[in-house]
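Per-entry structural report
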Amino acid sequence: DAGITQSPRYKITETGRQVTLMCHQTWSHSYMFWYRQDLGHGLRLIYYSAAADITDKGEVPDGYVVSRSKTENFPLTLESATRSQTSVYFCASSEPPGLAGGTRGEQYFGPGTRLTVT
Amino acid sequence: AQSVAQPEDQVNVAEGNPLTVKCTYSVSGNPYLFWYVQYPNRGLQFLLKYITGDNLVKGSYGFEAEFNKSQTSFHLKKPSALVSDSALYFCAVRESGLTGGGNKLTFGTGTQLKVEL
């Protein structure tokens, strides 16, 4: 039972480079999320997806691009990395909240990718 | 807009003593509330949630949380702390009435729990 995996776990890249962080889940959850974790800010939502081919911006989307051609994959691309994007990135997935919010909705997190932009 | 506040950056407690990690929230409707724990170099793990019903929610590893609507609080508690409970704890909220683009959680900034012998 692999659950939710992220790759790479660690990445060092240079300013201006494009980098893609991968996220894969085996639960067939319809919802997937990308967060960044920074000291003093907790977790902030970058993008989320309610289903394949449906994505939407979160709190801090600038400088990031996502796609979701398959339910199980949700890659995050930094088109031109900046030092301010140095962070730990977490992918998460969940079942849909359902009508009127539903009774489920807890999100399950991957192990994270530590990205350093030099 | 929904928000969460965790007023303490760090909580220190002796092993065997009770612990409380505080969380207050703000939503325009009824809240769904969650606690997560993060161990070093790991992702967040779900501990417990409040959806509706009993104000005292029991979760994993002996943790529980008390929902207080009048004080808009959802404090995490454990009767007897263990050294192994030392970790970073996050409170999260979402509005219960959301559909469609819902299920977006708003997280607090986290509270570092340190349990000492």
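Look a little higher up for the structure.
Anyway, here's the lowdown on the structure attached to this text. Just so it is clear, the structure is predicted and the values come from calculations on it, not from any experiment. (Residues numbered from 1 in each chain as written. Chains lettered and ligands numbered in written order. Predicted model: local features only at pLDDT ≥ 70, side-chain atom pairs only at ≥ 80, totals over all residues. Heavy atoms only, no water.)

In terms of helices and strands, chain A carries zero helices and 11 strands. Seen through its principal axes, chain A has C-alpha atoms that stretch 45 × 30 × 25 Å. Buried positions account for 48% of the 118 residues belonging to chain A. The long-range fraction of contacts in chain A, counting pairs at least 24 apart against all pairs at least 6 apart in sequence, stands at 57%. In the structure as shown, chain A presents an accessible area of about 5600 Å², 50% of it carried by carbon and sulfur atoms. (Helix = DSSP H or I, 4+ residues; strand = E, 2+ residues; numbered from the N terminus. Buried < 20%, exposed > 50% of the residue type's maximum accessible area, 1.4 Å probe, protein only. Contact = heavy atoms within 4.5 Å. Areas by Shrake-Rupley, 256 points an atom, 1.4 Å probe, with all protein chains shown as cover.)

Secondary structure summary: chain B contains zero helices and 12 strands in total. For chain B, the succession of helices and strands along the chain, N to C, is β-β-β-β-β-β-β-β-β-β-β-β. Computed over its C-alpha atoms, the radius of gyration of chain B comes to 14 Å, within 12% of the 13 Å expected for a compact globule of 117 residues. Projecting the C-alpha coordinates of chain B onto the three principal axes gives extents of approximately 45 × 30 × 25 Å. Burial analysis of chain B (117 residues in total) assigns 47% to the buried set. (Rg over C-alpha atoms; globule rule 2.2 N^0.38 Å.)

A cis geometry characterises the amide bond from Ser7 of chain A onward to Pro8 of chain A, with omega recorded as -10°. Residue position: Pro8 of chain A is located in the loop between β1 (4-7) and β2 (10-13). At Asp53 of chain A, a residue that is not glycine, the phi angle is positive and equals roughly 70°. Assignment of secondary structure puts Asp53 of chain A in the loop between β5 (42-51) and β6 (54-57). Classification of Asp53 of chain A by relative accessible area gives exposed; the value is 65%. A positive phi angle, near 45°, is found at Thr72 of chain B, a position not held by glycine. Judged by its relative accessible area of 30%, Thr72 of chain B is partly exposed.

Moving on, we get to the pattern of salt bridges. A complete count under the given rule lists eight salt bridges over all chains for this structure. For the salt bridge of Lys77 of chain B with Glu66 of chain B, the shortest nitrogen-to-oxygen distance reads 3.2 Å. With Lys77 of chain B in strand β9 (residues 73-78) and Glu66 of chain B in strand β8 (residues 64-68), this pair connects stretches of sequence that are 11 residues apart. Among the charged side chains, a network of salt bridges with common partners joins Arg36, Asp38 and Arg44 of chain A. (Salt bridge = Lys/Arg side-chain N within 4 Å of Asp/Glu carboxyl O.)

Now for the nonpolar core. Counting 28 residues, the largest nonpolar core has Trp35, Leu47, Leu48, Phe74, Leu76 and Tyr89 of chain B as its most contacted members. At four residues, strand β10 (residues 87-95) of chain B tops the list of elements feeding residues into this core. Within the second largest apolar cluster, 20 residues are counted, among which are Tyr31 of chain A together with Phe34, Ile51 and Leu105 of chain B. (Core = buried A, V, L, I, M, F, W, Y, C linked by side-chain atoms within 4.5 Å.)

What follows deals with the state of the cysteines. For the structure shown, the criterion picks out two disulfides over all chains. Paired by a disulfide, Cys23 of chain A and Cys91 of chain A hold their sulfur atoms 1.9 Å apart. When the S-S torsion is -75°, as for the bridge of Cys23 of chain A with Cys91 of chain A, the disulfide is left-handed. Remark: Cys91 of chain A occurs in strand β9 (residues 87-94) and Cys23 of chain A occurs in strand β3 (residues 19-25); sequence separation between them is 68 residues. For the residue pair Cys23 of chain A and Cys91 of chain A, the accessibility class agrees, reading buried in each case. Between Cys23 of chain B and Cys91 of chain B runs a disulfide, and the two sulfur atoms are separated by 2.0 Å. (Disulfide = S-S within 2.5 Å.)

Next up on the list: the sheet that holds β1 of chain A. All names here are of chain A. In space, the four strands of this open sheet follow the order β1-β3-β8-β7, with antiparallel pairing throughout. Every interior strand has two partners, whereas the edge strands, β1 and β7 (64-66), have only one. In this sheet, adjacent strand axes meet at a mean angle of 20° when their direction is disregarded. (Pairing = 2+ DSSP bridges. Axes fitted to C-alpha atoms, helices over the stretch in contact; angles between N-to-C directions.)

Our next topic: the layout of surface pockets. The volume enclosed by the largest pocket comes to roughly 500 Å³. Contributing to the lining of the largest pocket are 26 residues, with Gln37 and Leu39 of chain A together with Gln38, Leu88 and Phe90 of chain B lying nearest its centre. The set of elements that each furnish at least two residues to the lining of the largest pocket consists of β4 (31-38), β9 and β11 (113-117) of chain A together with β10 and β12 (111-116) of chain B. Among the elements that take part in the lining of the largest pocket, β10 of chain B stands out by supplying three residues, more than any other. Looking at the lining of the largest pocket, its residues break down into 10 nonpolar, 11 polar and five charged. (1 Å grid on protein atoms, 1.4 Å probe; cavity = no way out; pocket = protein on both sides within 12 Å on 5 of 7 lines; lining within 4 Å. Points joined across faces, edges and corners; volume = space filled by probe spheres on them. Nonpolar A, V, L, I, M, F, W, Y, C, P; charged D, E, K, R; others polar.)

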